[in-house]
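Close look at the chain arrangement
Letter by letter, the chains look like this.
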Amino acid sequence: MERKDYERLRWRCIRRALLELDITLTRFLDNGFDKLSEEEQQVFVELADMEDHELWYWLSGKTECDDPRFAPIVAAIRKS
């Protein structure tokens, strides 16, 4: 991922309606994103575009992520 794309993604992670998502997504972006494959990075980008409450329910464990594309990334974010 090019630096400018990374910076745009970081901005999207920081400017969430829920502070908890700001912190969770930005922390993962800074510490775990570079360990993902290109395909997994694209899935993370799609997660960053999701509606806050649904995404927060997945990341906090209030609901299980039943989407096989998103589940591994959600699990990685939860562990971070």
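Every chain is numbered independently, its residues counted from 1 as its sequence is written. Owing to the predicted nature of the model, reporting of local features is limited to residues with pLDDT of at least 70; listing and counting of side-chain atom pairs is limited to 80 or more, with chain, interface and lining totals taken over all residues. Side-chain calculation: all heavy atoms of the structure are included, whereas hydrogens and water are not.

**A word on the side chain of Asp22**
Stated precisely, the cut-off is as follows: Counting from the N terminus, the helices are the DSSP runs of H or I reaching at least four residues and the strands are the DSSP runs of E reaching at least two. Burial classes follow relative accessibility: with a 1.4 Å probe on protein chains only, a residue under 20% of its type's maximum area counts as buried, one over 50% as exposed, and anything between as partly exposed. When charges are counted, Lys and Arg are positive and Asp and Glu negative, with His and the chain ends excluded. We count a salt bridge whenever a side-chain nitrogen from Lys or Arg sits within 4 Å of a carboxyl oxygen from Asp or Glu. Between two residues, a contact is recorded if the distance between any of their heavy atoms is within 4.5 Å.
With respect to the helices, strands and loops of the structure, Asp22 is situated in helix α2 (residues 19-31). There is no salt bridge for the buried Asp22, and the closest opposite charge comes from Arg16, which lies 5.5 Å off by N-O distance. Residue contacts for Asp22: discarding those within four places in its chain leaves Cys13, Ile14, Arg15 and Arg16.

**So, the pattern of salt bridges**
What the rule picks out here adds up to 7 salt bridges. As a salt-bridge pair, Arg10 and Asp30 come within 2.7 Å of each other at their nearest N and O atoms. Linking Arg10 in helix α1 (residues 3-14) with Asp30 in helix α2, this pair joins segments that are 20 residues apart in sequence. You can call Asp30 partly exposed: its relative accessible area is 36%. Here Arg78 and Glu64 are joined by a salt bridge, their closest N and O atoms 3.8 Å apart. With Arg78 in helix α5 (residues 71-79) and Glu64 in the loop between α4 (52-60) and α5, this pair connects stretches of sequence that are 14 residues apart. Residue classification places Arg78 among the partly exposed positions, given a relative accessible area of 35%. A relative accessible area of 57% means that Glu64 is categorised as exposed.

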